[in-house]
Amino acid sequence: MDYVSALVPPVVMAVFFIGVVRVIVKTQGGAAKAKEDAAVDAALARAEGARQASAGGDA
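Note that the structure is predicted; figures quoted are calculated from it, not measured.

Conventions used here
- Residues numbered from 1 in each chain as written.
- Predicted model: local features only at pLDDT ≥ 70, side-chain atom pairs only at ≥ 80, totals over all residues.
- Heavy atoms only, no water.
- Helix = DSSP H or I, 4+ residues; strand = E, 2+ residues; numbered from the N terminus.
- Rg over C-alpha atoms; globule rule 2.2 N^0.38 Å.
- Buried < 20%, exposed > 50% of the residue type's maximum accessible area, 1.4 Å probe, protein only.
- Areas by Shrake-Rupley, 256 points an atom, 1.4 Å probe, with all protein chains shown as cover.
- Lys, Arg positive; Asp, Glu negative; His and termini not counted.
- Charge placed at Lys NZ, Arg CZ, Asp CG, Glu CD.
- UniProt positions renumbered as here; feature names shortened; annotations may be inferred.
- Expected span 1.5 Å × (residues − 1).
- Bend = angle between axes of the 7 residues up to and from the residue.

> So what about the overall build of the protein chain? Which residues, and what values?
Scanning the protein chain for helices and strands turns up two helices and zero strands. Compactness check: the protein chain gives a C-alpha radius of gyration of 23 Å against a globular reference of 10 Å for 59 residues, more than 25% above the reference. When the backbone C-alpha atoms are referred to their principal axes, the protein chain occupies close to 75 × 30 × 5 Å. Expressed as a percentage of its 59 residues, the buried residues of the protein chain come to 0%. Put simply, the protein chain shows about 5,200 Å² of open surface, and 71% of that area lies on carbon and sulfur atoms. Separation of charge centres in the protein chain, based on 6 positive and 6 negative side chains, amounts to 9 Å.

Below, the structure written as structure tokens:
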């Protein structure tokens, strides 16, 4: 019975890992994808604007 107790933790971890991967794959895209993409684009635009403003102020 020692082999059963030795195999249980890796099997449980593998099941949880597969579950996490499935959740990640299922949540990609969908109805919220456009909203998420727009939020990322806005954040990148703000960062780029701040970088250009600081570079323009130093010159």
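> How would you explain the UniProt feature "transmembrane region" (unreviewed entry) in the protein chain if you had to name every residue and give the values?
Sites flagged by UniProt as "transmembrane region" (unreviewed entry) map to residues 6–25. Its end C-alpha atoms 30 Å apart, residues 6–25 is made of 100% helix and 0% strand.

> Talk me through helix 1 (residues 2–27); I want residue IDs and the actual numbers.
Taking 1.5 Å per residue as the helical rise, helix 1 with its 26 residues ought to reach 38 Å, and the 39 Å between its terminal C-alpha atoms agrees with that figure. Taking the largest bend as the criterion, helix 1 deviates by roughly 30°, centred on valine 8, and proline proline 9 comes between one and four positions later. Trailing helix 1 by a residue or two, glycine 29 shows a phi angle of about 80°, which is positive.

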